[in-house]
Amino acid sequence: QTQGSGMLCVFQDECLGQGSFTRVFKGTKVDIREGEEHRTQVLLKVLDANHKDYWEAFFEASSMMSQISHKHLLLVYGVSVHGAKNIMVQELVKYGALDLYLKRKGSVSVSCKLDIAKQLALALNFLDEKNIVHGNICAKNVLLAREGDPSQETSPFIKLSDPGIKVSLLDLILDRIPWVGPELLQDPPILSLDSDKWSFGATLWEIFNNGETPLKDWDLEMKRRFYGTYQQLEPSQWTELADMITQCMDYQPASRPSCRVVIRQLNNLITSDYEVLHASEAPER
Ligand SMILES: N#Cc1ccc(Nc2nc(N)cc(-n3cnc(CCO)c3)n2)cc1
């Protein structure tokens, strides 16, 4: 039995993956409306039993998502708090987490990547306008609802997932370097809308590096030094993209570009990419 939409029950199949404190399963939601049974495939995000005391943060994350709706935000049906289990029931997004998709696919076109980046920027702009901090923007939390296929002229479609448990323990924050803004390692940590812009920059880096994990295998000491010495992620060969990532990952939170500026810069990249892409077809000037 869950809150809200009167969902009757959910069943869980195989485990699909995991977050920091949770495991995700495919499941089925059964609603009874006007005496008819409606079955919907869902994603069940189950809070690990040994993290039971995180249930408030777990509940907060899901209630944040269920209070707002936007085409690029994940739909959360409700939270089941029956018995000892805390289960968040989400829409099942067809192709799952973007980082795994990019790793698996390895050959997603630049135009698709730009499209995904723009949709993520639109989701962030929506949250920004509502003064809502997500707090965990990364490719793992971007879900792919539709593949882009340039030959079929179809564009990809993404949904930003719930932020998961807001971590405050220092070593968990260290674990999220380079996605977490350096201002969160200060004392006191300052979580703000600007932090999401830093994370957006790190996520752009993942998208254009085919889902590669930034600072992979770096230990916590090396990660601390990455911020301590004001380092940047390895720049892309595409200067305009590299500049955008560096601007988002500005060590001064207030100097990071607004969502509107980011969307405008992405549109310029899309146009320039289009021109390069179709330059060969352009009639001799
Ligand atoms: N093979 C396969 C396959 C796997 C998953 C999905 N779909 C889906 N839908 C969601 N709402 C959330 C997630 N999800 C995945 N990993 C996390 C934890 C890290 O965020 C969340 N996956 C579809 C196909």
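Residues numbered from 1 in each chain as written. Predicted model: local features only at pLDDT ≥ 70, side-chain atom pairs only at ≥ 80, totals over all residues. Heavy atoms only, no water.

Participant: Tell me about the site of the ligand, residues and numbers included.
Facilitator: Gln90, Glu91, Val93, Lys94 and Asn141 are the nearest of the 13 residues found near the ligand. Backbone polar atom of Glu91 to a nitrogen atom of the ligand: 2.9 Å apart, as the coordinates give it. Contacts to the ligand include Asn141, whose side-chain N or O atom sits 3.1 Å from an oxygen atom. Here the ligand has 530 Å² of accessible area as a free molecule, and 83% of this is covered by the chains. Structurally, the ligand is housed in the largest pocket. (Near = heavy atom within 4 Å. Polar contact = N/O pair within 3.5 Å; in protein donor to acceptor, adjacent residues only side chain to side chain. Areas by Shrake-Rupley, 256 points an atom, 1.4 Å probe, with all protein chains shown as cover. 1 Å grid on protein atoms, 1.4 Å probe; cavity = no way out; pocket = protein on both sides within 12 Å on 5 of 7 lines; lining within 4 Å. Sits in = over half its atoms within 2 Å of the grid points.)

Participant: Explain the environment of Asp273 residue by residue, including any values.
Facilitator: Summarising the element assignment, Asp273 is placed in helix H8 (residues 259-278). The class for Asp273 is buried, based on a relative accessible area of 12%. For the pair formed by Asp273 and Ser111, sequence separation is 162 residues and the distance between their alpha carbons is 7.1 Å. With sequence-adjacent residues up to four places away left out, Asp273 is seen in contact with Val110, Ser111, Leu114 and Trp238. (Helix = DSSP H or I, 4+ residues; strand = E, 2+ residues; numbered from the N terminus. Buried < 20%, exposed > 50% of the residue type's maximum accessible area, 1.4 Å probe, protein only. Contact = heavy atoms within 4.5 Å.)

Participant: Talk me through the pattern of salt bridges; I want residue IDs and the actual numbers.
Facilitator: Counted according to the given criterion, the structure contains 9 salt bridges. The residue Glu37 makes a salt bridge to Arg39 at a minimum N-O spacing of 3.2 Å. Classification of Arg39 as exposed rests on a relative accessible area of 54%. The salt bridge partner of Lys105 is Glu147, with a shortest N-O separation of 3.4 Å. You can see Lys105 sitting in helix H2 (residues 98-105) and its partner Glu147 sitting in the loop between strand E6 (142-146) and strand E7 (157-160), a full 42 residues away along the chain. (Salt bridge = Lys/Arg side-chain N within 4 Å of Asp/Glu carboxyl O.)

Participant: An account of the packing of helix H3 (residues 110-129) against H8 is requested, with residue identities and associated values reported.
Facilitator: Direction vectors running N to C along H3 and H8 enclose 165°, while the axes themselves pass 9 Å from each other. In terms of their interaxial angle, H3 and H8 are classed as roughly antiparallel. Read as a crossing pair, H3 and H8 show a hand that is left-handed. For the pair H3 and H8, contact is made by Val110, Ser111, Leu114, Ala117, Lys118, Ala121, Leu122, Leu124, Asn125, Asp128 and Glu129 and by Cys259, Arg260, Val262, Ile263, Leu266, Asn267, Leu269, Ile270 and Asp273, respectively. Split by residue class, the contact of H3 with H8 holds 12 nonpolar, 3 polar and 5 charged. (Axes fitted to C-alpha atoms, helices over the stretch in contact; angles between N-to-C directions. Parallel < 35°, antiparallel > 145°, perpendicular 65-115°, else oblique. Left-handed = near helix turned anticlockwise from the far one by under 90°. Nonpolar A, V, L, I, M, F, W, Y, C, P; charged D, E, K, R; others polar.)

Participant: Lay out the nonpolar core in plain terms, naming residues and giving numbers.
Facilitator: In this structure, Leu73, Leu127, Phe200 and Leu266 are the most contacted members of the largest nonpolar core, which totals 66 residues. A per-element tally of this core places H3 first, with 10 residues. Leaving out residues up to four positions away in the same chain, Phe200 has contacts with Ala117, Leu120, Ala121, Leu124, Ile137, Cys248, Val262 and Leu266. Counting 6 residues, the second-largest nonpolar core is a separate cluster that includes Phe25, Val42, Ile87 and Val89. (Core = buried A, V, L, I, M, F, W, Y, C linked by side-chain atoms within 4.5 Å.)

Participant: Could you give an account of the packing of aromatic side chains, with specific residues and numbers?
Facilitator: If you walk through the whole model with that rule in mind, you get 10 aromatic pairs. On the numbers, 5.5 Å between centres and 90° between planes, the contact of Trp198 with Tyr227 is edge-to-face. On the criterion of sequence distance, the pair formed by Trp198 in helix H5 (residues 193-207) and Tyr227 in helix H6 (residues 220-228) is long-range, its members being 29 residues apart. Using a relative accessible area of 0% as the deciding quantity, one classes Trp198 as buried. Both rings, one in Trp198 and one in Tyr251, keep their centres 5.1 Å apart while their planes meet at 75°; by these two values the pair is edge-to-face. Taken as a pair, Trp198 in helix H5 and Tyr251 in the loop between helix H7 (239-248) and H8 lie far apart in primary sequence, 53 residues in all. Taking relative accessible area as the criterion, Tyr251 reaches 15% and is therefore assigned buried. The residue whose ring lies beneath Lys29 is Tyr77, and the NZ or CZ to ring-centre distance is 4.4 Å. (Phe/Tyr/Trp six-rings, centres within 6.5 Å; stacked < 30°, edge-to-face > 60°. Lys NZ or Arg CZ within 6 Å of the ring centre and 35° of its normal.)

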